[in-house]
Amino acid sequence: GENVEQHPSTLSVQEGDSAVIKCTYSDSASNYFPWYKQELGKRPQLIIDIRSNVGEKKDQRIAVTLNKTAKHFSLHITETQPEDSAVYFCAASHGQLTFGSGTQLTVLP
Amino acid sequence: EAGVAQSPRYKIIEKRQSVAFWCNPISGHATLYWYQQILGQGPKLLIQFQNNGVVDDSQLPKDRFSAERLKGVDSTLKIQPAKLEDSAVYLCASSLDADTQYFGPGTRLTVL
């Protein structure tokens, strides 16, 4: 089955700096890669996703890149704000989502 | 549009007791998922329904867990008997296109 590895497990950045979270996947058949943000005690919320026929996607301060050859994808958050503090999960899907282990992002004011 | 609804939000039971969780997906979403999220980990898929049929239940511990979606809309997940290691948040999600999934608020289960 699919295996998704996510790094780093914790990340602290100063407000205004950029944050990058990286994931690798094992199943070359995976074709859909969403990112979820989960605040403490809340539901996971989809923040951006990318499909395998696209290399990069951007939505305001958030961007995702996908390298199918290397089987890795990354989340980039620019101009970070304290409200970006949360746990971020990557996932890969070929019919079902397999999640990474999460990254606790802390944005320091 | 209304989101995925789940109840109860919290449940505390003793080991060996039974418990049931309810999920109402987003209207029109044919695919429904149940996940288990243990503290500090990502959600793990337990079962996937397409309408009222099971697509994948390979990670559902069938000796104690069961789930149904009788009319292709609401779903229930049951644990009987519960074990200490079942303490987790149980998340329901639904999807229109079998890719983009929207999660409910979850049920936090504590087994004592």
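Anything mentioned here points back to the structure above.
Parameters at a glance
Residues numbered from 1 in each chain as written. Chains lettered and ligands numbered in written order. Predicted model: local features only at pLDDT ≥ 70, side-chain atom pairs only at ≥ 80, totals over all residues. Heavy atoms only, no water. Contact = heavy atoms within 4.5 Å. Buried area = accessible area lost by both parts, 1.4 Å probe. Salt bridge = Lys/Arg side-chain N within 4 Å of Asp/Glu carboxyl O. Polar contact = N/O pair within 3.5 Å; in protein donor to acceptor, adjacent residues only side chain to side chain. Helix = DSSP H or I, 4+ residues; strand = E, 2+ residues; numbered from the N terminus. Nonpolar A, V, L, I, M, F, W, Y, C, P; charged D, E, K, R; others polar. Phe/Tyr/Trp six-rings, centres within 6.5 Å; stacked < 30°, edge-to-face > 60°. Buried < 20%, exposed > 50% of the residue type's maximum accessible area, 1.4 Å probe, protein only.

### A word on the interface of chain A and chain B
Many structure descriptions define interface size as the accessible area lost when the parts assemble. Facing 17 residues of chain A, the contacting portion of chain B comprises 22 residues. Surface buried jointly by chain A and chain B totals about 1400 Å² across both partners, of which 46% is contributed by carbon and sulfur atoms. Contact with chain B buries surface across chain A, with R43, Q96 and F99 of chain A losing the most and accounting together for 35% of the total. Viewed at the interface, chain B and chain A are joined by two salt bridges. The interface formed by chain A and chain B contains seven residue pairs in polar contact (both at pLDDT 80 or more). Elements supplying a minimum of two residues to the side of chain A that touches chain B: β4 (32–38), β5 (45–51), β9 (86–93) and β10 (97–99) of chain A. Residue classes in the side of chain A that touches chain B are distributed as seven nonpolar, seven polar and three charged.

### What to know about the packing of aromatic side chains
On inspection of all chains with the given rule, the structure shows 13 aromatic pairs over all chains. Note on Y25 of chain A and F33 of chain A: the rings are 4.8 Å apart at their centroids and 45° apart in plane angle, and the pair reads as tilted. The class for Y25 of chain A is buried, based on a relative accessible area of 6%. With a centroid separation of 5.3 Å and an interplanar angle of 90°, the aromatic rings of Y36 of chain A and F103 of chain B are classed as edge-to-face. Pair noted here: Y36 of chain A is in strand β4 and F103 of chain B is in strand β10 (residues 101–103), and the two residues belong to different chains.

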